[in-house]
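Close look at the chain arrangement
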Amino acid sequence: MKIRILSSAFNDLAQGRDFYELQGEGLGSYFLDSLFSDIDSLVLYAGIHRKVFGFHRLLSKRFPHAIYYQMETENEVVVYRVLDCRQNPQKIQTKLRKT
C-alpha cells in the first residue's frame, strides 16, 4: 500500500507542530511522531474508517486531530488534511472542500 501526503496535510502538520511546541519543549516533535505513526497505520487499516464530509476520517490516538484521506486505488491512499477536531465542524468542512 502506498501512502501519498498532499502539501495541504503537511502544512496542517507543521501548524500543529508549531502550536504544540509552544505548549512545551519537545511536544511538537512528539506530535509529529504520533501523527505520522497514525498515518503509517493506514498501510494496514485504510478504508475501514467512517466517512465524514466525503473523506475517510482516522482519529489520532494521542492528539485531538483527524486525518482525512481517500482511497485513490486499492493500492494507494491519499492524505488530504490533518485537522484539529476542536474547531467548528463547518470550518472543517470548508477546509476539506478547498482541497
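Look a little higher up for the structure.
If you're wondering where the values come from, they're calculated on a predicted model, not measured in any experiment. (Residues numbered from 1 in each chain as written. Predicted model: local features only at pLDDT ≥ 70, side-chain atom pairs only at ≥ 80, totals over all residues. Heavy atoms only, no water.)

**Considerations on the layout of surface pockets**
Each pocket or cavity is described by its volume, and for the largest pocket that value is around 170 Å³. What lines the largest pocket is simply Asp12, Gln15, Gly16, Phe19, Tyr20, His65, Val82, Leu83, Asp84, Arg86, Gln87 and Lys95. Ranked by residues supplied to the lining of the largest pocket, first place goes to helix α1 (residues 7–23) with five residues. Looking at side-chain class alone, the lining of the largest pocket contains four nonpolar, four polar and four charged residues. (1 Å grid on protein atoms, 1.4 Å probe; cavity = no way out; pocket = protein on both sides within 12 Å on 5 of 7 lines; lining within 4 Å. Points joined across faces, edges and corners; volume = space filled by probe spheres on them. Helix = DSSP H or I, 4+ residues; strand = E, 2+ residues; numbered from the N terminus. Nonpolar A, V, L, I, M, F, W, Y, C, P; charged D, E, K, R; others polar.)

**Quick look at the pairing of strand β5 (residues 76–84)**
With eight of nine residues buried, β5 is to be regarded as a mostly interior element. The pairing of strand β4 (residues 65–73) with β5 spans eight bridges and is antiparallel. Pairing of histidine 65 across the sheet is with aspartate 84, part of β5. In this antiparallel pair of consecutive strands, β4 and β5, the connection spans two residues. (Buried < 20%, exposed > 50% of the residue type's maximum accessible area, 1.4 Å probe, protein only. Pairing = 2+ DSSP bridges.)

**Focus: the environment of threonine 73**
Take threonine 73: it is sitting in strand β4. Threonine 73 sits in the partly exposed class, given a relative accessible area of 43%. Linking threonine 73 and lysine 2, residues 71 residues apart in sequence, is a C-alpha distance of 9.6 Å. Only 3.2 Å separates the side chain of threonine 73 from the backbone nitrogen of glutamate 76, close enough to count as a polar contact. (Polar contact = N/O pair within 3.5 Å; in protein donor to acceptor, adjacent residues only side chain to side chain.)

**Here we look at the pattern of salt bridges**
Scanning the entire structure with this criterion turns up four salt bridges. For arginine 17, the salt bridge identified is with aspartate 18, shortest N-O distance 3.1 Å. With a relative accessible area of 33%, arginine 17 lands in the partly exposed category. One salt bridge in this structure joins aspartate 84 and arginine 86, with 2.8 Å as the shortest N-O distance. (Salt bridge = Lys/Arg side-chain N within 4 Å of Asp/Glu carboxyl O.)

**Let's talk about the environment of serine 60**
In this fold, serine 60 is placed in the loop between β3 (55–59) and β4. Separated by 18 residues in sequence, serine 60 and leucine 42 place their C-alpha atoms 12 Å apart. Those residues in contact with serine 60, other than ones at most four positions away along the chain, are Leu35, Asp38 and His65. There is a polar contact of 3.4 Å between the side chain of serine 60 and the backbone nitrogen of phenylalanine 63. (Contact = heavy atoms within 4.5 Å.)

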